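Architecture at a glance
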Amino acid sequence: MTAPIFTLLCLLVMLGNALAEPTYRIFVTNENDNTVSVIDSRSHKVEATVPVGKRPRGIGFAPDRAHVYVALGDENAIGVIDTRTLQVVKTIPSGSDPEAFAVHTNGHIYLSNEDDNKASVLDPVSGELLAQIPVGIEPEGVGVSPDGKLVLVTSESTSMVHVITVPEHQITANILVGARPREVAFSADGRWVYVSSEISGEVNKLDMAARTVVKKVKLEIKDAKPKGVVLSPDQRTLYVSTGRANVVAVLDADTLALKTSVPVGKRVWGLALSRDGSRLYTCNGVDDTVSVVDTATHKAIATIAVGGGPWGVIIDD
Amino acid sequence: MRRGQRWLWWLPAVLLLALGEVTGAMAEEVRVVYVGPAEGSVWRGVALGQHEANILGRFTGQTYVVQQMRPEELLGKELATLPAVVLAATDAETLPKLSAAFASVGVAVFNLARDDDSLRQACLPNLLHTPPSARMKADAVAQWQKKHAGAAVEAWAWHPDFVKYAARDLNKRFRELFNVPMDNDAWAGWAALKMVSEAIARTQTTEPARILAYLRQDMEFDGQKGVSHTFRDTGQLRQPLLIVQDGKVVGEAPVRGVADIADLDSLGMESCRR
């Protein structure tokens, strides 16, 4: 009786060691001053400001979260920061003007080359550029389906979502959405995709089985420029940043009905949710701050000063 | 058996050729007629617009051809095939004539270069104006001067150093293609083709009257100036303007604090009623 329990305990300890304790750090790209701000999510204090390279915008974790990747638009490269030591460990050429990206579970980075009408596939370990896929004009938002079989890329000046298969890297559909599509978010089951459209002021909901727009709403918020879009872990609530409207729109993910809006800072852009969905972090690009929103009360509970022009945010929790 | 195999060896090549034919045939050719100088800013803007329309068309099944014609070739003659739209960088007198020549068949005629208010107030059903009217520019300057008394400024549709929104990207594309800065006229030319290609991609029709209807009623155009652009009943494109002082962009109109920044109709005359 005791032997199996002992074995189980040993296995649990080993598993615990393998799954490293999260750092609880929030990482924020500061587009205007070429740095990444590192915030302790428990104290809301800035721990470090890491010079990373020119025009940092898109930001994301490696699958094991050991590294943070940062798109450096004016260096045509991806900067790599060690999540624990906060050192920039390398800079990988990425093709022209990388803006946003998504990291596939296989470790490859799918990124948009904004000024080159391409999406690139980068292996950050070997540094090899594995593929370049011609897409529309000003490619931006990138998303990987939960099963890893599809990558979506928006092209802002072609108002389209391109559906790309993995590993073939073939475009199998081009879905016209509202003007200037910025970001995409998949539902956990991969069935639905939410797209923010900055100029049309819309959120479009795509059915990935039919590959069509099944619902779209214009945000009924004055001056709203939808940009960031994240889905709550329970899949019921969609948070959309609204740029110069300075609020986060809270939508019913099923109907896209506007439930409420949460005032944050000026030109709210990138968004990130804590793993449990209780905290939403917002980049306020003109205020040079990050707001912390309590998603139960829909109120900003803290404002943290960061670098110039905060653009994107992720959390290791 | 051997002969059969030899024949099969050719099959993939034949199939590939056939496929090329089919995909080539699937892309519908869209003919846009351009009347105006085949050099200079407006023309360069049209050329960039055509290039970008063809990138969009690659995904939605169109190729865009711009055919240069003289006004005499269009006026008082029946064309064998109708163009999807007519783009005109001509004098003010020619524009109503072009409009009249195509009004009955519903072909949109774009004014790319004139700022005359009288052309807007004529409210011709198929005449659309991409550059701001003189009155729009005057209103923008007046708004700015309300806030900054005595400032000597001008209002422009575009500026090669404008970077906000995605202006930086458009300016970069233009400069890379032509090695000259993108100005007001170039923006007007670019915008027209861009709007037309979007109308065709979204409606999946090249029927001129349906393109015109989409442009007037449904379009929400991203002119890379931060808000969507639509057409007024007068045919004038609603758009924000840039306030320029000593050659530099110092602000945008509608001017914050003087007008509602979202109220593009605070610039110029919005309706056909005098």
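These numbers were taken from a predicted model, which means no experiment stands behind them. (Residues numbered from 1 in each chain as written. Chains lettered and ligands numbered in written order. Predicted model: local features only at pLDDT ≥ 70, side-chain atom pairs only at ≥ 80, totals over all residues.)

The helix and strand inventory of chain B stands at nine helices and 10 strands. Within chain B, contacts between residues separated by at least 24 positions form 65% of all contacts whose residues are at least 6 apart in sequence. (Helix = DSSP H or I, 4+ residues; strand = E, 2+ residues; numbered from the N terminus. Contact = placed C-beta atoms within 7 Å.)

Each helix and strand counted, chain A has one helix and 28 strands in total. A globule of 317 residues ought to have a C-alpha radius of gyration of about 20 Å, and chain A, at 19 Å, matches this closely. The dimensions of chain A, computed from C-alpha atoms along their principal axes, are 60 × 45 × 45 Å. Looking at chain A residue by residue over its 317 residues, the buried ones come to 51%. (Rg over C-alpha atoms; globule rule 2.2 N^0.38 Å. Buried ≥ 20, exposed ≤ 12 C-beta atoms within 10 Å, placed from the backbone.)

Another aspect to go through is the pairing of strand β1 (residues 28-35) of chain B. Residues in a regular strand point their side chains to alternate faces of the sheet. Residue and element names in this part refer to chain B. As paired strands, β1 and strand β2 (residues 62-68) are joined by seven bridges and run parallel to one another. Following the sheet pairing, Glu-28 is matched in β2 by Gln-62. The handedness of the β1 to β2 crossover, carried by helix α2 (residues 41-60), is right-handed. Bridge count between β1 and strand β3 (residues 85-88): four bridges; the pairing is parallel. (Pairing = 2+ DSSP bridges. Right-handed = clockwise from strand over helix to strand, strands pointing away.)

On to the interface of chain B and chain A. On the side of chain A, 19 residues touch chain B, which itself brings 16 residues to the contact. When residues of the side of chain B that touches chain A are traced back to their parent elements, those giving at least two are α2, α7 (167-178) and α8 (184-203) of chain B.

This paragraph deals with the packing of α8 of chain B against helix α9 (residues 208-217) of chain B. Residues and elements named next belong to chain B. α9 packs onto α8 with a crossing angle of 105 degrees between their chain directions and a minimal axis gap of 9 Å. What the angle tells us is that α8 and α9 run roughly perpendicular. On the side of α8, the interface is formed by Met-195, Val-196, Ala-199, Ile-200, Arg-202 and Thr-203, while α9 contributes Arg-210, Ile-211, Tyr-214 and Leu-215. Grouping the amino acids of the contact of α8 with α9 by side-chain chemistry returns seven nonpolar, one polar and two charged. (Axes fitted to C-alpha atoms, helices over the stretch in contact; angles between N-to-C directions. Parallel < 35°, antiparallel > 145°, perpendicular 65-115°, else oblique. Nonpolar A, V, L, I, M, F, W, Y, C, P; charged D, E, K, R; others polar.)

As a further point, take the environment of Asn-106 of chain A. With respect to the element layout, Asn-106 of chain A can be found in the loop between β8 (98-103) and β9 (109-113). Here the alpha-carbon distance between Asn-106 of chain A and Val-88 of chain A, two residues 18 residues apart in the chain, equals 22 Å.

Next up on the list: the domain arrangement of chain A. All names here are of chain A. Domains assigned within chain A are domain 1 (53-215) and domain 2 (219-317). A separation of 20 Å is found between the C-alpha centroids of domain 1 and domain 2. Facing 21 residues of domain 1, the contacting portion of domain 2 comprises 19 residues. Broken down by secondary-structure element, the contributors of at least two residues to the side of domain 1 that touches domain 2 are β4 (56-61), β16 (181-186), β17 (192-197) and β18 (202-207). (Domains from an automatic or database assignment.)

Residue and element names in this part refer to chain A. With antiparallel pairing, four strands are arranged side by side in an open sheet as β3-β2-β1-β28. Each edge of the open sheet is held by one strand with a lone partner, namely β3 (45-51) and β28 (310-316). In this sheet, neighbouring strand axes are inclined to one another by 20 degrees on average, regardless of whether the strands run parallel or antiparallel. In terms of strand pairing, strand β2 (residues 35-40) meets β3 through six bridges, oriented antiparallel. Note that in β3 the partner of Val-38 across the bridge is Ala-48.

Residue and element names in this part refer to chain A. Tracing the sequence through the fold places Ser-187 in the loop between β16 and β17. In sequence terms Ser-187 and Ala-245 are 58 residues apart; their C-alpha atoms lie 26 Å from each other. Discounting residues that sit within four places of it in the chain, Ser-187 has contacts with Trp-192, Leu-231 and Gln-235.

What follows deals with unusual backbone geometry. Going from Val-166 of chain A to Pro-167 of chain A, the amide bond is cis rather than trans, its omega being 10 degrees. Take Pro-167 of chain A: it is sitting in the loop between β14 (160-165) and β15 (171-176). A cis amide bond links Ala-253 of chain B to the next residue, Pro-254 of chain B, at an omega of 5 degrees. Summarising the element assignment, Pro-254 of chain B is placed in the segment after β10 (248-253).

When the terminal C-alpha atoms of α8 of chain B are compared, their 29 Å separation across 20 residues agrees well with the 28 Å that a helix rising 1.5 Å per residue should span. In the segment just after α8 of chain B, Gln-204 of chain B is the residue with positive phi, at about 50 degrees. (Expected span 1.5 Å × (residues − 1).)

As a further point, take the sheet that holds β14 of chain A. Residue and element names in this part refer to chain A. The antiparallel open sheet is built from four strands, whose spatial order is β12-β13-β14-β15. In this open sheet, the two strands that pair with only one neighbour each are β12 (139-144) and β15. With strand direction ignored, the average angle separating the axes of adjacent strands in the sheet is 20 degrees. Here six bridges tie strand β13 (residues 150-155) to β14, and the two strands are oriented antiparallel to one another. Along β14, the bridge assignment pairs Leu-150 with Thr-165.

Further remarks concern helix α4 (residues 94-103) of chain B. Since the α-helix turns once every 3.6 residues, residues separated by three or four places project in the same direction. Residue and element names in this part refer to chain B. Here α4 has its buried residues at Leu-95, Leu-98, Ser-99, Ala-101 and Phe-102. Down the axis of α4, the buried set is contained in an arc of 160 degrees. They therefore lie on one face. On its buried side, α4 packs onto β1, α3 (71-74), β3, β4 (108-111), α5 (117-121) and β5 (127-129). (Arc of directions from axis to C-beta.)

Residue and element names in this part refer to chain B. Viewed as axis vectors pointing N to C, α2 and α8 meet at an angle of 20 degrees, and their least axial separation amounts to 6 Å. As the angle between them shows, α2 and α8 are arranged roughly parallel. For the pair α2 and α8, the crossing hand works out as right-handed. Considered class by class, the residues forming the contact of α2 with α8 number 13 nonpolar, eight polar and four charged. (Left-handed = near helix turned anticlockwise from the far one by under 90°.)

Next up on the list: the confidence of the model for chain B. All names here are of chain B. Summing up the model confidence of chain B, the mean pLDDT is 92 and the portion of residues at 70 or higher is 90%. Note that residues 1-25 has pLDDT below 50 and, in this model, zero contacts with residues that lie over four places away or in other chains. The ipTM, which scores confidence in the relative placement of chains, is 0.90 for this predicted complex, and the corresponding pTM is 0.91. (pLDDT = per-residue confidence, 0-100.)

All names here are of chain A. Of all five residues in strand β21 (residues 237-241), four are buried; the element is thus mostly enclosed. Inspection of the sheet shows strand β20 (residues 229-231) paired to β21 by three bridges, in the antiparallel sense. Counterpart to Leu-231 in the pairing with β21 is Leu-238. Once β20 ends, the chain turns through five residues before running back antiparallel as β21, passing Gln-235 with a positive phi of about 70 degrees. Inspection of the sheet shows β21 paired to strand β22 (residues 247-252) by five bridges, in the antiparallel sense. The partner of Leu-238 across the bridge, within β22, is Leu-251. The hairpin formed by β21 and β22 contains five residues between the paired strands, and Gly-243 there has a positive phi angle of roughly 60 degrees.

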